[in-house]
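Here are the chains, one letter per residue:
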Amino acid sequence: MAPRIDIESVKKRKDGLAVIRDIERYAASPDLPQDPEDIALYRWYGIYQQRPKDGYHMLRIKVPNGQLNGNQLRAIGGIANDFGRGLADITTRQNFQYHWIELRHVPEILSRLAGVGISTVGACGDITRNVVGCPVAGIDADEFIDGSILAHELANYYSGNPHFSNLPRKYKISVCGCRLHCAQPDINDVGLYGAEFELDGKLQRGYGLMVGGGLSTKPLFAVDMNTFLLPHEVFEVVKAVTEIFRDSEILRADRSKARLKFLLSDPKIGVGGDRFRAMIEERIGHPLRHATPFRRPLDTETDHLGIHPQKQPGLYYVGVGVTVGRLSGDDLIRLADIADEFSTQSSIRNTNKQNFIISHIPEEKLSQLRGALKAAGFDDMPSVFKRSVVSCTGIEFCNLAITETKELGRRVADELEERFPEASKQLRIHFSGCPNNCGQNAIGDVGLRGGLTKVNGEMVQAFDILLGGTTGENRAFAETVSKKIPATFITDAIANLYRTYLGWCSNGETFNAFVKAHTAEQLDAVVREGMPPKE
Ligand code: HEM
Ligand code: SF4
């Protein structure tokens, strides 16, 4: 087994950003043995060794606020075809992730991406990750404020910034100016959300701030700082939060407790929201304006699919479902052509539900656009299952995985669609292939967490079933109701739950209301209806 790397001491010896010189060196001389410490730092450029560590890599590219144009998408698709066996996955942080990348091709890939203004710096590693945002920022008629301006400002400042390239762990910023909190501030290290507040007798628009959210094996929700920030005040405050995180040596002592969320909410080292707010004030040298907590929206988990009018008269956006986020290079190139032809700004936006939106479509082009999407194999009216199933990378490529997830997610969505052809009630299904939660199983209506179980004396892939997760006003992490359900029974288990929910529902209640109205034992019994005995 390869020796375990102590990443804190590696980072002291070499800054993660400096590894680009080594990447170039190894790429130029493929026979040169690669130092395991350098391999650990490749992540700063979005590069992760792919399972089973036999020379192929995953490469994640950052898409700030999920926003792209046709040229960029065409370049991304071309790279997938030329170097990544034609695969590109949309991720829950609005990025794309390639697979099958060889290190010798990385310099050319990075240069092709740079040519269209795209970077991979900080896509992985202990650094500021992609800044996520509301995918309908600037076009949503109902938004408080166009959050994409701030999202890009923050992304530009933190991307490749050597003052913040050695953080204790990954660091995630989310900005949404909409009324739905669709960019999930609750589960980001820094969550800025649109708000209105009366200042000097005048209603002003700006941002509220939450700090210290995150999923993983110990999910914690972000704590509201009870403040209101005008747009020009945000930068200084976020910088203070980032500096506090960077300088908190206590977090570097234990990598399993190194995220900012532990400094806020851990029973042992957590300082709590009030103290953290005071720490921000000490850094910026003046008090934060006090604002009582803003009400979090009830339904944050919109997916923006279908056809919607924009705030710009005569223009529309169209949200398109991509089951489990998996696309091909050819899909992306076709989509780029469609965006060029139908969108006045050639604008595409990835969503955190692993789907995408094409915006700026003139009304008179809508039906033609729908025809073009259909001809290219896209679905702008997918079933409730296909549109909302989210899957992590899983055992196909991930070294930490216990189970396969993408193919299963796709199959489960297909089978549920067949069994419930008329289904209209939302069911968000989130698959993760291990307890790390990359597929956000902790906030799914139904969360699937990969593991193993024995059936007839043989180990098989299985999932714990967690129910009732959501962000927003009723935020709650999904709770485990059933353990070790074999992967082969997952469609049946979810179908049992959905059928029982539909029978129970009398007045438009949500699936989570159904979950709340039952005990874990009752729900577990529903899950297991018809499950063959394990031996
Ligand atoms: C210690 C190991 C890891 C932990 C604790 C971890 C945890 C997480 C968490 C909590 C998310 C949250 C989703 C979000 O904030 O939206 C995430 C995202 C993600 N993770 Fe992991 N992860 C780990 C390793 C990996 C590995 C090895 C892969 C390889 C495939 C991976 C792939 C992803 C992807 C594709 C995303 C989507 C978001 C993005 O674009 O950044 N993760 N991870
Ligand atoms: S949840 Fe586990 S299996 Fe899935 S991508 Fe993350 S680390 Fe890999």
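Turning our eyes to something else, we now look at the coordination of the iron atom of ligand 1. Counting protein donors to the iron atom of ligand 1 gives just one, Cys438 (SG), placed at 2.2 Å. Examined against the element boundaries, Cys438 turns out to sit in the loop between β17 (429-432) and β18 (446-455).

Moving on, we get to the domain arrangement of the protein. When its domains are assigned, the protein resolves into domain 1 (7-115), domain 2 (132-284), domain 3 (306-381) and domain 4 (387-528). Summarising the inter-unit geometry, the C-alpha centres of domain 3 and domain 4 are found 28 Å apart. With 7 residues of domain 3 in contact, the opposing surface of domain 4 contributes 11 residues. Taking both sides of the interface into account, the surface hidden between domain 3 and domain 4 amounts to around 900 Å²; carbon and sulfur atoms contribute 51%. When the area that domain 3 buries against domain 4 is broken down by residue, the three leading residues are Val324, Arg326 and Lys353, summing to 60%.

A few words on the sheet that holds strand β3 (residues 67-69). One open sheet holds the 5 strands; their spatial order is β3-β14-β15-β12-β11, and the pairing between them is antiparallel. A single partner strand is all that each edge strand has here, and the edge strands are β3 and β11 (306-309). Each strand axis lies, on average, 25 degrees off the axis of its neighbour in the sheet, ignoring direction. Here 4 bridges tie strand β14 (residues 347-350) to strand β15 (residues 356-362), and the two strands are oriented antiparallel to one another. In the strand pairing of β15, Asn350 is matched with Phe356.

Helical geometry: 3.6 residues make up each α-helical turn, so side chains three or four residues apart lie on a common side. Compared with an ideal rise of 1.5 Å per residue, which puts 15 residues at 21 Å, helix α14 (residues 490-504) spans 21 Å between its outermost C-alpha atoms and is within 8% of the ideal. For α14, the complete set of buried residues consists of Ile490, Thr491, Ala493, Ile494, Ala495, Asn496, Leu497, Tyr498 and Tyr501.

So, on to the pattern of salt bridges. Per the stated rule, a full pass over the model turns up 43 salt bridges. For Glu8, the salt bridge goes to Lys11, with nearest N and O atoms at 2.8 Å. Of this pair, Glu8 and Lys11 are both found in helix α1 (residues 7-13), 3 residues apart, which corresponds to roughly one turn of the helix. Across the pair Arg277 and Glu281 runs a salt bridge, and its minimum N-O distance is 3.7 Å. Of the two residues, Arg277 and Glu281 both sit in helix α9 (residues 272-284), 4 residues apart, roughly one turn of that helix. Overall, the relative accessible area of 22% leaves Glu281 in the partly exposed class. Three or more residues are tied together by salt bridges with common partners; here these are Glu8, Lys11, Asp126, Glu249, Arg252 and Arg255.

Residues Ile173 and Val175 point to one face of strand β7 (residues 173-176) and Ser174 and Cys176 to the other, with burial holding for every one of them. Two strands pair when backbone bridges link them, and strand β6 (residues 132-133) and β7 are joined in this way by 2 bridges, in the parallel orientation. When the sheet's bridge partners are listed, Val132 is paired in β7 with Ser174. You can see the chain leave β6, run along helix α6 (residues 147-158) and come back into β7, and the turn it takes is left-handed. In the sheet, β7 pairs with strand β8 (residues 190-199) via 4 bridges, with the strands oriented parallel. Counterpart to Ile173 in the pairing with β8 is Val190.

The rules behind these values
Residues numbered from 1 in each chain as written. Chains lettered and ligands numbered in written order. Predicted model: local features only at pLDDT ≥ 70, side-chain atom pairs only at ≥ 80, totals over all residues. Heavy atoms only, no water. Donors = N, O, S within 2.8 Å, 3.2 Å for Na, K, Ca; no water. Helix = DSSP H or I, 4+ residues; strand = E, 2+ residues; numbered from the N terminus. Domains from an automatic or database assignment. Contact = heavy atoms within 4.5 Å. Buried area = accessible area lost by both parts, 1.4 Å probe. Pairing = 2+ DSSP bridges. Axes fitted to C-alpha atoms, helices over the stretch in contact; angles between N-to-C directions. Expected span 1.5 Å × (residues − 1). Buried < 20%, exposed > 50% of the residue type's maximum accessible area, 1.4 Å probe, protein only. Salt bridge = Lys/Arg side-chain N within 4 Å of Asp/Glu carboxyl O. Right-handed = clockwise from strand over helix to strand, strands pointing away.

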